[in-house]
Amino acid sequence: MDALQALILGIIQGLTEYLPVSSSGHLTIGSALLGLNSGEENLMFTVAVHVATVLSTLVVLGHEIWKILVGSCRPLGRGKGLERFNKDQRYVLAILISMIPIGIVGVFFKDTVEEIFGSGLLIVGCCLLLTAALLAFSYYAKPRQKDEVSLRDAFIIGLAQALAVLPGLSRSGSTIATGLILGNKKSQMAQFSFLMVIPPILGEALLDTIKAAKGGWAAAFGDLSMTSLAVGFIAAFVSGIIACKWMIGIVRKGKLIYFAYYCAVVGILVIFLS
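The present account deals with the structure reproduced in this document. (Residues numbered from 1 in each chain as written. Predicted model: local features only at pLDDT ≥ 70, side-chain atom pairs only at ≥ 80, totals over all residues. Heavy atoms only, no water.)

## With respect to the pattern of salt bridges
According to the stated counting rule, one finds four salt bridges in the structure shown. One salt bridge in this structure joins Glu-148 and Arg-90, with 2.8 Å as the shortest N-O distance. Placement of the pair is Glu-148 in the loop between α7 (121-140) and α8 (151-163) and Arg-90 in helix α5 (residues 87-108), with a sequence separation of 58 residues. Look at Arg-90 and you get partly exposed, because its relative accessible area is 23%. For Asp-153, the salt bridge goes to Lys-146, with nearest N and O atoms at 2.6 Å. On the basis of relative accessibility, which here comes to 23%, the residue Lys-146 falls in the partly exposed class. What you see here is one network of salt bridges that share partners, running through Lys-146, Arg-152 and Asp-153. (Salt bridge = Lys/Arg side-chain N within 4 Å of Asp/Glu carboxyl O. Helix = DSSP H or I, 4+ residues; strand = E, 2+ residues; numbered from the N terminus. Buried < 20%, exposed > 50% of the residue type's maximum accessible area, 1.4 Å probe, protein only.)

What follows is the structure, given as structure tokens:
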């Protein structure tokens, strides 16, 4: 992988991690168009660009994250059950619960998922069509609005995130659309979606790094140079900041239907060309 290819794939990862069009699907498509192997041979590149997008989230939502952390450290109140927790503590609890499904998938079904990722572009096209259908449904659905993400909703949104390990099924699109269908407000769903993915991405990056260390660094880096790795990281970080800010505004304005059209067109093209 040369620096130009790393730049292109880094930009793709940064943009599509937040836009509801599937980063894994677009990385698979981009790698295929560039004649690259999107699997084990470039494992450390995948780790680097995913960590870069996490850092971009921390930059964009750093102030909100700090407020939530400070609020969650306050003493518990009086009462029973969830009444003892303040809003920030319930928010953190919802984030933790949303991580349960993806944690189960990562621990028990990681090998199966990796086999699916290596099954070609056909599944990418089909999952892009599924993403399009989910985004369209969330656009036209008009459920009763809720003030905050409940623990039940957090778990259901977490299930959507777990399913989105399939290439072509957008993680941000699936989680945001599921939250909207459940009646959660547009103003809060983008932030919740972006924050709930931080621990799983960092956990996956750690596991992949350990895997690379056991299997040998030469195999993990493949033909990737440190220059290409740095270029990809910076490209993903900068484009991630842009996409994160843009996506928050898009969700608040309710413009997800345009991404449904995009995913449908790309999905059909990929299916016919695969």
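Continuing now.
## A few points about the packing of aromatic side chains
Tallied over the full model, the rule gives five aromatic pairs. Centre to centre, the rings of Tyr-91 and Phe-192 are 5.7 Å apart; their planes meet at 85 degrees, and the pair counts as edge-to-face. One end of the pair, Tyr-91, is in helix α5; the other, Phe-192, is in helix α10 (residues 186-196), with 101 residues separating them in the sequence. Under the relative-accessibility criterion, Phe-192 is labelled buried at 0%. (Phe/Tyr/Trp six-rings, centres within 6.5 Å; stacked < 30°, edge-to-face > 60°.)

## Examining a nonpolar patch on the surface
Judged by side-chain polarity, Ile-100, Ile-104, Val-107, Phe-108, Phe-109, Phe-155 and Leu-159 come together as a nonpolar surface patch covering roughly 680 Å² of accessible area. For the nonpolar patch, the secondary-structure elements that each account for two or more residues are α5 and α8. Broken down by element, the nonpolar patch gets its largest block of residues, four residues, from α5. Positionally, Val-107 belongs in helix α5. (Patch = residues over 30% accessible without salt bridge, like charges linked within 9 Å, V, L, I, M, F, W, Y side chains within 5 Å. Areas by Shrake-Rupley, 256 points an atom, 1.4 Å probe, with all protein chains shown as cover.)

## Examining helix α3 (residues 43-60)
Taking 1.5 Å of rise per residue, 18 residues should cover 26 Å, and α3 covers 26 Å from first to last C-alpha, within 8% of that figure. Counting buried residues in α3 gives 13 out of 18 residues, a clear majority hidden from the surface. (Expected span 1.5 Å × (residues − 1).)

## Digging into the environment of Ala-133
Its place among the elements puts Ala-133 in helix α7. The spacing of Ala-133 and Tyr-261 is 128 residues in sequence and 9.2 Å in space, taken between C-alpha atoms.

## Quick look at the packing of α5 against α10
Relative orientation of the contacting elements α5 and α10 amounts to 55 degrees, with a least axis distance of 10 Å. By the angle class used here, α5 and α10 are oblique. Read as a crossing pair, α5 and α10 show a hand that is right-handed. Where α5 approaches α10, its residues Tyr-91, Ala-94, Ile-95, Ser-98 and Met-99 are matched on the opposing element by Gln-191, Phe-192, Leu-195 and Met-196. Broken down by class, the residue content of the contact of α5 with α10 amounts to seven nonpolar, two polar and no charged. (Axes fitted to C-alpha atoms, helices over the stretch in contact; angles between N-to-C directions. Parallel < 35°, antiparallel > 145°, perpendicular 65-115°, else oblique. Left-handed = near helix turned anticlockwise from the far one by under 90°. Contact = heavy atoms within 4.5 Å. Nonpolar A, V, L, I, M, F, W, Y, C, P; charged D, E, K, R; others polar.)

## Here we look at the packing of helix α1 (residues 3-16) against α3
For the pair α1 and α3, the least separation of the axes is 10 Å and the interaxial angle reads 45 degrees. One element, α1, and the other, α3, form an angle in the oblique class. Every pair of crossing elements has a handedness; the one defined by α1 and α3 is right-handed. For the pair α1 and α3, the contacting residues are Ala-6, Leu-9, Gly-10, Gln-13 and Gly-14 in the first and Phe-45, Val-49, His-50 and Thr-53 in the second. Here the contact of α1 with α3 is composed, by residue class, of four nonpolar, five polar and no charged.

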